[in-house]
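# Coordinates in review
Listed here are the chains, written in short residue letters.
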Amino acid sequence: MNEMSKNENLDIQIYNFAYLDENTKRMIRRALLKALCIPGYQVPFSSREMPMPYGWGTGGIQVTSACLIPKDVLKVIDQGADDTTNAVSIRKFFQKTANVAVTEKTSDASLIQTRHRIPETKLKEKQILVYQVPIPEPLRFLEPREVETRKMHALSEYGLMYVKLYEDIAKHGHIETAYAYPVKTNGNYVTDPSPIPKFDNPKMNNSPAIQLFGAGREQRIYAIPPYTNVKSLDFEDYPFEAMKANFKCSICGSSNSYLDEIIVSDDGKRSYICSDTDYCKEQTKLNSKKEDQL
Amino acid sequence: MNQDFLFKASNISKYYGQNIGCKNVSLDINPGEVLGIVGESGSGKSTLLNCIHGNLEVDEGDIFLNDKSKTILNFTKISEPKLRLIQRSDLAFVHQNPRDGLRMNISAGGNIGERLMAIGHRNYGEIREIAANWLEKVEIDVSRIDDKPSTFSGGMQQRLQIARNLVTRPRLIFMDEPTGGLDVSVQAKILDLLRNLVRELGIAAVIVTHDLAVVRLLADRIIVMQNGNVIEAGLCDQVLDDPQHKYSQLLVSSVLQV
């Protein structure tokens, strides 16, 4: 026990606050400021090697690291859950290197790092939401040339983005894209919201919180400042629809939160539960309170 | 300057280092007119075409387009966004190889719709209807609208490329050997189609080819190029029936007679 805590103290001394050195954090903050000034524009930054593999949220971690201050309260979620591997390891990482307070409660957090979800609880001013982004370029699979996609952004040539939606409708009868659904930020840049389900897209619009996006491997940072218009792309006759599985959470009974499908038996029985564990807990508490009152 | 012209290039030159791409070329195109550019491989035909389409920057000279609102635009002076907008709306470019001009992993309907969506169409039903109409016009079965071009034959791909380009009703279409890699009967079909579309819609065209039969069939006027220079220009029948320059004479006499 003593041995361990000594080691942990040692770690804090060896690493600079929040792992990255001050110059790197400064470089990232500059990129973040630029990104906030030009909503949706992908700012290149010189991404660092992090002590975990690409795809584990190295972009998000660097952004979080650059934003953290000692009095922050950090929440980390992975697909909405606080207790999955990615979330636990990133949370531990910052506890160790920055010694910040952590929480699972969305409303208590001042900085939330997320992988692929936006919390169900409405975010508020002075909160920062940091997204982990695998592929920041929404046009990547449509136009492979980076030089060309940058030009397309610069000249707002987004016809091709609609070709993807057209193909969806032609093939499936509706817009099949269910995650990483492209949005237009502030009426200007088409932006990849990272692979959040399209159910979460409306939450990005006019959000009081600051939304920051970090892509470590691709070395890009972009941002959506508070109260910015974020519109999901669609056709006049096929409007955007935020959709979710049409069931209730089998734990808290909520019918308006995003659900995970779980196979619960060998013969394929399914159950649906909230993907946002914090929201699910809150709802369960509320329910039991109501029952007590009765 | 005559205000009725559609397109004008004056004294344009393009160099590749020490080598000449094309030198001192001038040409005029009137609305609805078809101009043929002929010459052997390496004579600068494609360079010229790419220069006047705005794909290649010219080293000397000016290129003017009389746009839909009767404003004369100089390609060498306007901004890149404006040029790209014009390339999408007023101009069109048909490549020799349909693979260069089509998106092979996107359905025929999507290929035709792309230019529409690029200029702001946002109604799926409308886009699809227009795409179906165009498939009909280029004689592709409408039931193939959701098939990818990779499942089409060479001739169908080329017809699809033509439809994709004409859908926004450009006023000038550039074609680089549009019948290049096709067999003779398919060539004839495409030429027939092109002739009808160009006449029916009143589109002006510039066709680069080394096939004199193609220009005889389609073009009103031709220019003959050799080593980057224009060596002869005139009405199509006049140049082909009575060539003056010795290279033109060689070109005309080397056509095989069946």
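Since the model is a prediction, treat every value here as computed from it, not as a measurement.

What counts as what
- Residues numbered from 1 in each chain as written.
- Chains lettered and ligands numbered in written order.
- Predicted model: local features only at pLDDT ≥ 70, side-chain atom pairs only at ≥ 80, totals over all residues.
- Helix = DSSP H or I, 4+ residues; strand = E, 2+ residues; numbered from the N terminus.
- Rg over C-alpha atoms; globule rule 2.2 N^0.38 Å.
- Buried ≥ 20, exposed ≤ 12 C-beta atoms within 10 Å, placed from the backbone.
- Contact = placed C-beta atoms within 7 Å.
- Core = buried A, V, L, I, M, F, W, Y, C linked by C-beta atoms within 7 Å.
- Axes fitted to C-alpha atoms, helices over the stretch in contact; angles between N-to-C directions.
- Parallel < 35°, antiparallel > 145°, perpendicular 65-115°, else oblique.
- Left-handed = near helix turned anticlockwise from the far one by under 90°.
- Nonpolar A, V, L, I, M, F, W, Y, C, P; charged D, E, K, R; others polar.
- Expected span 1.5 Å × (residues − 1).
- Arc of directions from axis to C-beta.
- Domains from an automatic or database assignment.

## A look at the overall build of chain B
Looking only at helices and strands, chain B features 10 helices and 10 strands. In summary, chain B has a C-alpha radius of gyration of 18 Å against a globular reference of 18 Å for 258 residues, a match within 12%. Looking at chain B residue by residue over its 258 residues, the buried ones come to 45%. Partitioning the contacts of chain B with sequence separation of at least 6, the portion at a separation of at least 24 is 65%.

## A few points about the nonpolar core
Nonpolar side chains in soluble globular proteins tend to be buried together. Counting 83 residues, the largest nonpolar core has A:Tyr166, B:Ile37, B:Ala163, B:Ala205, B:Val206, B:Ile207 and B:Val215 as the members making the most contacts within it. Here the element with the most residues in this core is helix α6 (residues 159–172) of chain A; it accounts for seven residues. Among the nonpolar cores identified, the runner-up in size contains 50 residues, and A:Ile28, A:Ala87, A:Leu123 and A:Val133 belong to it.

## Concerning the packing of helix α6 (residues 154–166) of chain B against helix α7 (residues 184–201) of chain B
Residues and elements named next belong to chain B. With their axes 10 Å apart at the nearest point, α6 and α7 run at an angle of 15 degrees to one another. Considered as vectors, α6 and α7 are oriented roughly parallel to each other. Between α6 and α7 lies a crossing whose hand is right-handed. Residues Gly155, Gln158, Arg159, Ile162 and Leu166 of α6 form the contact with α7, whose participating residues are Val186, Lys189, Ile190, Leu193, Leu194 and Leu197. Broken down by class, the residue content of the contact of α6 with α7 amounts to seven nonpolar, two polar and two charged.

## Examining helix α4 (residues 85–98) of chain A
Note: α-helices contain 3.6 residues per turn, so residues at a spacing of three or four share the same orientation. Residues and elements named next belong to chain A. Relative to the 20 Å expected for 14 residues at 1.5 Å per residue, α4 spans 20 Å between its end C-alpha atoms, a close match to the ideal helical length. Turning to α4, its buried residues are Asn86, Ala87, Ile90, Arg91, Phe93, Phe94, Thr97 and Ala98. Down the axis, α4 shows its buried residues gathered within 155 degrees of arc, on one side only. Across from the buried face of α4, at angles greater than 90 degrees, the exposed residues are Thr85 and Lys92. Residues of α4 that are buried in the fold lie against α3 (58–67), β2 (73–78), β3 (101–102) and β4 (111–115).

## Here we look at the domain arrangement of chain A
Residues and elements named next belong to chain A. Partitioning chain A into structural domains gives domain 1 (2–232) and domain 2 (244–294). For domain 1 and domain 2, the distance between their C-alpha centroids amounts to 27 Å. Listed per partner, the contact involves 14 residues of domain 1 and eight residues of domain 2. Of the residues contributing to the side of domain 1 that touches domain 2, the split by class is four nonpolar, four polar and six charged.

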